[in-house]
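Chain residues, written in single-letter form:
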Amino acid sequence: MSSNGYVLQRGFSPINGEPFVVIMTMKSSNKKTGNMIQVWILHEDVNPVDAIKTGLDQTICGDCPHRLRLHSDGKLHRTCYVNAGQAPLSIWRTYKKGLYPDINNCVNLDALLSGRHIRWGAYGDPSVIDPSIVKSFNEKSEGHTGYTHQWRHAFCDAFIGVFQASCDSFGDYLEASSKGWKCFSVVNKGDTNVANIGKLCPTEVPNSQAKCQSCTLCDGSKTDIFIPAHGTGGKLVSYVSQDVHELSELLFN
Ligand code: SF4
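So, here is what we can say about the structure in this document.

Analysis parameters
- Residues numbered from 1 in each chain as written.
- Predicted model: local features only at pLDDT ≥ 70, side-chain atom pairs only at ≥ 80, totals over all residues.
- Heavy atoms only, no water.
- Helix = DSSP H or I, 4+ residues; strand = E, 2+ residues; numbered from the N terminus.
- Buried < 20%, exposed > 50% of the residue type's maximum accessible area, 1.4 Å probe, protein only.
- Contact = heavy atoms within 4.5 Å.
- Areas by Shrake-Rupley, 256 points an atom, 1.4 Å probe, with all protein chains shown as cover.
- Near = heavy atom within 4 Å.
- Nonpolar A, V, L, I, M, F, W, Y, C, P; charged D, E, K, R; others polar.
- Phe/Tyr/Trp six-rings, centres within 6.5 Å; stacked < 30°, edge-to-face > 60°.

**Observations concerning the overall build of the protein chain**
Line of reasoning, step 1. For the protein chain, the count of helices and strands is 9 helices and 11 strands.
Line of reasoning, step 2. Looking at the 253 residues of the protein chain, the share that counts as buried comes to 50%.
Line of reasoning, step 3. Considering only contacts in the protein chain between residues 6 or more positions apart, those separated by 24 or more positions represent 64%.
Line of reasoning, step 4. Taken as a whole, the protein chain presents about 12,100 Å² of accessible surface, with 51% of it coming from carbon and sulfur.

Spelled out as structure tokens, the structure:
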């Protein structure tokens, strides 16, 4: 019998040793991605909203600069585009009710993934997932996208060529590129460096009908992509441009 979602993995975070769970949901109405299979990485024991408040989202987000943290205005801001109180919380609660079967009990994984596209990391950083699971699922599917902010860490190296390195500055881009990553960069509008950092995401072209499902340029192997900052991410980019050194201290110390 088919299900709305499945548990792919339970494990312990390579970042802080806390337990996490990986859940795959089969349908999406996300206009930007299209109807891709969505993969959610969640703290197993603490709901996503409380995990953010307590800092336990580090388990599944690592040192992503979009987590809740102190900014240069002296206030706490979270610049992640995902509202953890919506889909992530709902999926976590459904998981806790035991309503997602283990994928290993799935009748036919090949049929489940055939012709489908996978979005690794609808919430959470997919680099904590067992690389052999990602590899085998990608081989069975039609295509995938994925992004990681953990590209500076050795445990993440297995995903070079599989996920895009998320970059929030030109310096990030240069560093990640030198390690062999294809990058997904968020840039300031009017940034003079953009000509050097890849291809504009086609969804940013006026009147574009592009969706990740049909594009899949962000599969870690094809090219560097950039997107102009808007919404909450824009705050971070302007902040990065103001003081890269201060940001580095906040992130890595
Ligand atoms: S470049 Fe393609 S896959 Fe990447 S975010 Fe844009 S539409 Fe999605």
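**Digging into the site of the ligand**
Line of reasoning, step 1. In the vicinity of the ligand there are 13 residues, among which Tyr147, Cys201, Cys212, Cys215 and Cys218 approach most closely.
Line of reasoning, step 2. At the level of secondary structure, the elements contributing two or more residues to the shell around the ligand comprise β7 (143-148) and α7 (212-215).
Line of reasoning, step 3. Residue composition of the shell around the ligand, by class: 9 nonpolar, 3 polar and 1 charged.

**Here's the deal with the packing of aromatic side chains**
Two aromatic rings are characterised by how far apart their centres lie and by the angle between their planes.
Line of reasoning, step 1. Going through the model one piece at a time under the given rule, you end up with 4 aromatic pairs.
Line of reasoning, step 2. The interplanar angle of 65° and the centroid separation of 6.2 Å between the aromatic rings of tryptophan 120 and phenylalanine 137 together place this pair among those described as edge-to-face. Of this pair, tryptophan 120 sits in strand β6 (residues 117-123) while phenylalanine 137 sits in helix α5 (residues 131-140), and the two are 17 residues apart along the sequence.
Line of reasoning, step 3. Look at phenylalanine 137 and you get buried, because its relative accessible area is 5%.

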